[in-house]
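Summary of structural features
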Amino acid sequence: MKVKITLEPGQTLTDAEEILEKASKLKKECSDTERYHDEPLNEFHDYVCSRNKSILDNLMEEIEAELKTNAHK
Amino acid sequence: MLISKASMDRIDQLVEDAYLMLALNLLGYSMISSEQRERIDELRPITRTALWLLLYRIIRLRPEEGYHRTDTIQNLLDEAERLSGNLIVNDTHIHTLEHGLQAMNEVIENTKADIKKRLRAKILEANRSLRQELAVQRMRSLDQKRKQEQKELTALIAALAGIKEVIQTNFDSAFTSVLTDYINDATMDRITAQSVISGRNPEDAVVFKTVKNDGNLCQWCRKFYVDADGEPVLFSLKQLQANGTNDGKPKSQWKPVVGKTHPKCRCQLRHAPAVERFLG
């Protein structure tokens, strides 16, 4: 892909880099840090995701214990 | 064999049990299969379907009308328990609720399947690696073999962290998509009800989407929902409904829609009754 940037008089390559960086940010999909407008929905979202994280943490510990206990058997 | 079939089956069961509790907590008893129920009968589970109903109520009542911003998630959970079975909803609301629950159930089922698949792949990889190593050097001492087994086991355990990270990211993304669809479907129900009460055609309701117009806003939501002055773009509900969904479509075919615009989208549908009154 080729990108052409036309600089105004007085603008430098550093300005071009900033323009590119700004443009690349605009291309991103909504980031993980984005929030809902209504705070209760953010709370619910965070609650469920943290439940999943907690479940995963416990699950991986249990799997690790299973592997250590029963490997080679 | 480093990890036996029996051990793999036990790991599968650990995954099932872990996510059974999440399903119970979020979806309630009704979404659990009869086989799963037998495993948890002694737990006397509390249905959390009410939690989703509570969310529905939050969406239907704007914060200034009934929600206290100082409430904590625990207050919400407590209120959900109280609301269980007490919130009067019509057929449309039940449909939205059931669809939300089904979609969330899919997220949980897919997460379980994803974990099992990734774990099995790593275990098979470790078993194969050990077999190859031992086959190449048949004359190794027992002590050397044990060291090799321990090396493979250590690598396998180290891989668990990577699996956890991927699963967490995938879950967060899938859950955000389900939640945004649920929020916007429920908002559409509210707009429809308000329009009917005020004697207007629901399809002509004027709507917009609230976006977080910062550097992280994606180009699609910026293009669809924010005008050149940074103000929200207004649509009729009919326009958004006619665009259906962007699910499964290439980006070039995406349109402004009622539900999520793309995975992880958190833009909320809003009603603009003041604009409707102005337009007459």
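Residues numbered from 1 in each chain as written. Chains lettered and ligands numbered in written order. Predicted model: local features only at pLDDT ≥ 70, side-chain atom pairs only at ≥ 80, totals over all residues.

**Description of the pairing of strand 1 (residues 206–210) of chain B**
Residue and element names in this part refer to chain B.
- Of all five residues in strand 1, four are buried, a share of seventy percent or more.
- Bridging between strand 1 and strand 2 (residues 235–236) involves two bridges; their strand directions are antiparallel. What sits directly across from Val206, in strand 2, is Ser236.
- Relative to strand 3 (residues 268–271), strand 1 runs antiparallel, the two being bridged by four bridges. Paired with Lys209 across the bridge in strand 3 is Leu269. (Buried ≥ 20, exposed ≤ 12 C-beta atoms within 10 Å, placed from the backbone. Helix = DSSP H or I, 4+ residues; strand = E, 2+ residues; numbered from the N terminus. Pairing = 2+ DSSP bridges.)

**What about the confidence of the model for chain B?**
Residues and elements named next belong to chain B.
- Looking at chain B, the pLDDT average stands at 79 and 73% of residues meet or exceed 70.
- Confidence, read as mean pLDDT per element, is least for helix 4 (residues 63–66) in chain B (43) and greatest for helix 9 (residues 237–242) (95).
- For the stretch residues 40–48, pLDDT sits under 50, and the model shows 14 contacts to residues farther than four places along the chain or on other chains.
- Segment residues 61–71 is flagged for pLDDT under 50; beyond a separation of four residues in sequence, or across chains, it makes eight contacts in the model. (pLDDT = per-residue confidence, 0-100. Contact = placed C-beta atoms within 7 Å.)

**Things to note about the sheet that holds strand 1 of chain B**
Residues and elements named next belong to chain B.
- An order of 2-1-3 is seen for the three strands of this open sheet, with the pairing classed as antiparallel. Each edge of the open sheet carries a strand with a single partner, namely strand 2 and strand 3.
- Each of strand 1 and strand 3 is contacted by helix 7 (residues 142–197), which is oriented at about 10 degrees to strand 3, the strand it contacts most. (Axes fitted to C-alpha atoms, helices over the stretch in contact; angles between N-to-C directions.)

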